[in-house]
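Observations on chain architecture
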Amino acid sequence: MKTVLTLVFALFLSSPAIAAWQEIDGGISSVPKETNSTIQAVVLHCVDGAAIDVYSGGDGTIKPAAGGEVVDYFYKPGFIRADIDGSAFPMVAAGSGDAVVLFSEGKEAEGYMAPLDDALIGALTAGKLLTLAFDLNPTTAADSSTFETYATFDLDGHGETIRNAIGNCE
């Protein structure tokens, strides 16, 4: 996966006018339109179904850019959501080397991880803006809000590219 990450950063750094989603080996990737986190890129691809990998600076763990203590959010519900044009989709994180892998929120017996929800995939292909929001330091958020750490990604006009990347994963 390091090769994919290196390729993602090389593609985005090489051209300031690059499209929001870029095809990479085995999927597509985008850099945040806006973020207050350490998130540097997201990759959508197929691995035993549709997958969302989130790449972050440092040790790979997503953190607020301003720092601060971060609660353990891996394999636990209630700490992450994907918001697409006002529709919220609860997510759960797992670690995978260089990336944080996001799953739809599932049952406790499944480690709270479930395949990406079909409604989420449909929203990704039809939506305009994806916000990945994290409740990483609930006791220290400046305004006491939840899901204070975020990264937004442009989806507008990229539905076909997203559909081709993850629309038919098995």
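Below, the structure is looked at part by part. It should be emphasised that the depicted structure is a prediction, and the values quoted were computed from it without experimental measurement. Per chain, the residues get numbers from 1 upward, laid out in the order the sequence is written. Confidence filtering applies because this is a predicted model: local features only for residues at pLDDT of at least 70, side-chain atom pairs given and counted only at 80 or more, and all residues used for totals across whole chains, interfaces and linings. Think of the side-chain values as coming from all heavy atoms in the structure, minus any hydrogens and water.

1. Some remarks on the packing of aromatic side chains
- The aromatic pairing rule takes the rings of Phe, Tyr and Trp, using the six-membered ring of Trp, and pairs them if the centres are within 6.5 Å, calling planes under 30 degrees apart stacked, those over 60 edge-to-face and the rest tilted. Taken as a whole and assessed by the stated rule, the structure comprises 2 aromatic pairs.
- With centroids separated by 6.3 Å and ring planes inclined at 65°, the aromatic side chains of Tyr73 and Phe134 adopt a geometry described as edge-to-face. You can see Tyr73 sitting in the loop between strand 5 (50–56) and strand 6 (80–84) and its partner Phe134 sitting in strand 10 (residues 129–134), a full 61 residues away along the chain.
- Buried means the residue's accessible area, taken with a 1.4 Å probe over protein chains only, is under 20% of the maximum for its type, while exposed means over 50%, and partly exposed covers the values in between. The exposure class of Tyr73 is buried, given its relative accessible area of 1%.
- Here Phe134 falls in the buried class, since its relative accessible area comes to 0%.
- Ring pairing ties together the aromatic residues Tyr73, Phe74 and Phe134, which thus form one cluster. In this text, helices come from DSSP runs of H or I with a minimum length of four residues, and strands from runs of E with a minimum of two, each type numbered from the N-terminal end.

2. Remarks on the pattern of salt bridges
- Any Lys or Arg side-chain nitrogen found within 4 Å of a carboxyl oxygen on Asp or Glu counts as a salt bridge. Overall, the coordinates contain 2 salt bridges when judged by the stated rule.
- A salt bridge links Asp72 to Lys76; the nearest nitrogen and oxygen atoms lie 3.5 Å apart.
- On the basis of relative accessible area, Lys76 is assigned to the partly exposed category, the value being 34%.
- Between Lys128 and Asp156 there is a salt bridge, and its shortest N-O distance comes to 3.6 Å. Pair noted here: Lys128 is in the loop between helix 2 (118–126) and strand 10 and Asp156 is in the loop between strand 11 (149–154) and helix 3 (159–166), with a separation of 28 residues, a long-range link.
- The partly exposed category is assigned to Asp156, whose relative accessible area is 42%.

Without other data, these values stay purely geometric and don't point to any function.
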